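Structural overview
Chain by chain, the residues:
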Amino acid sequence: MDLTDGPGEEEFRARLREWLGGVLPTLPPKPDPLDWPGRRAYDCGWQRRLYDAGYADVHWDASPTQRLIFLEETERAGAPYVGANFVGLLHAGPTIAAEGTAGQRERWLPPVLRGDEVWCQGFSEPDAGSDLAGLRTRAVRDGDAYVVSGSKIWTSHAEVADWCELLVRTDASGPKHRGITWLAMPMDAPGITVRPLRTLAGSTEFAEMFLDEVRVPVANRVGDENDGWRVTMVTLSFERGTAFVGEVVACRRVLAELAGAARKNGTWDDPVVRRRLGRLSAEFRALWRLTQWNVSEAQAVGGVPGIGGSVFKLRYSHARQELYDAAAEVLGPDALDLGREWNLDRLSSLSYTIAAGTSQIQRNIVAERILGLPKGR
């Protein structure tokens, strides 16, 4: 697929750039990074502005070229990131769009696009992290509801969420991959306890979540009962294939700023530093091309990213860590100052080889599903 700008894309880019130039100076000050209720309000306010301007559904209902233009231009302009809307816009929303009924799409998608409702992700469990199919949170059918009990961990944005994309075990008698169901759980249902987890940077975007006989309507099931593993693969394909696209643009911007800082403080004179930054520049240019390929391929097969997303996620996770290690080298002693944005980003980058599927899991996927190597015993 040709991803160069045609007349329509050039007009879209110019119109978006003009709109960003007018709206960004009118935004309120950014909230404290540790204030998640404040961040939710800020992020949802930005999403509402996108909705009113006609840009809210660019992640779902736009050509691959327009989607990439949107990410390039918003990042270059310094526009807010999706933030608290991450799960709804980039995980749950696309999954419901691909797998939900007409009624489910009508109920859940518009509030996400308007910034009215925030979603969290309830996948990982204390004893089933990388082995996601080993989850134990159980759901027992009781009339027109599932009664859910168990616990989740690393539940993204749970303390400010309205809904949770939740994986539960509905059949423990068969193979573990075949007894899982995907549910949309209202976060105000009785029996839910959320305990925020504090990260190295001091933020609480993750939480533990305890479920004590929580009733979830059967109508909130996406896909068939016990078919949740297949639906989950759709979710994870979006998470690994397209959810991090905007961050590649952000890393390229940080790399340019890092080179500028190196020239100012003299570390640019070190050939090792220059070579490291040059290699990272090539790395992120290649990742951007891979992003274009993955988005184009997804469009060609109906909108769901393929397993090439695992290649991207694996390499991007490590490249991001290498970028912020290079930033620490350029900053020197200032790398210990947590008041600097780069240093906070460096701390968050440590989680990327674990989040959305560990690097070890991604290597297995690449080996087995792309290279055709035999499964390990």
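Placed above this text is the structure.
This text gives an overview of the structure that appears in the document. (Residues numbered from 1 in each chain as written. Predicted model: local features only at pLDDT ≥ 70, side-chain atom pairs only at ≥ 80, totals over all residues. Heavy atoms only, no water.)

1. Focus: unusual backbone geometry
Its identity is not glycine, yet Trp154 carries a phi of approximately 60°, on the positive side. Its place among the elements puts Trp154 in the loop between strand S3 (145–152) and strand S4 (163–169). When its relative accessible area of 48% is taken as the criterion, Trp154 is described as partly exposed. Phi at Asn226 takes a positive value of approximately 70°, unusual for a residue other than glycine. (Helix = DSSP H or I, 4+ residues; strand = E, 2+ residues; numbered from the N terminus. Buried < 20%, exposed > 50% of the residue type's maximum accessible area, 1.4 Å probe, protein only.)

2. Topic: the environment of Val58
Checked against the element boundaries, Val58 lands in the loop between helix H2 (36–53) and helix H3 (64–76). You can call Val58 buried: its relative accessible area is 5%. Placed eleven residues apart in sequence, Val58 and Ile69 show a C-alpha to C-alpha distance of 10.0 Å. Excluding residues within four positions of it along the chain, Val58 makes contact with Phe12, Gln66, Arg67 and Phe70. (Contact = heavy atoms within 4.5 Å.)

3. Regarding the pairing of S4
Burial runs high along S4: seven of the seven residues are buried. By the alternation rule, side chains of S4 split into Trp163, Glu165, Leu167 and Arg169 and Cys164, Leu166 and Val168, which are all buried. Bridge count between S4 and strand S5 (residues 180–186): seven bridges; the pairing is antiparallel. Paired with Trp163 across the two strands is Pro186, which belongs to S5. (Pairing = 2+ DSSP bridges.)

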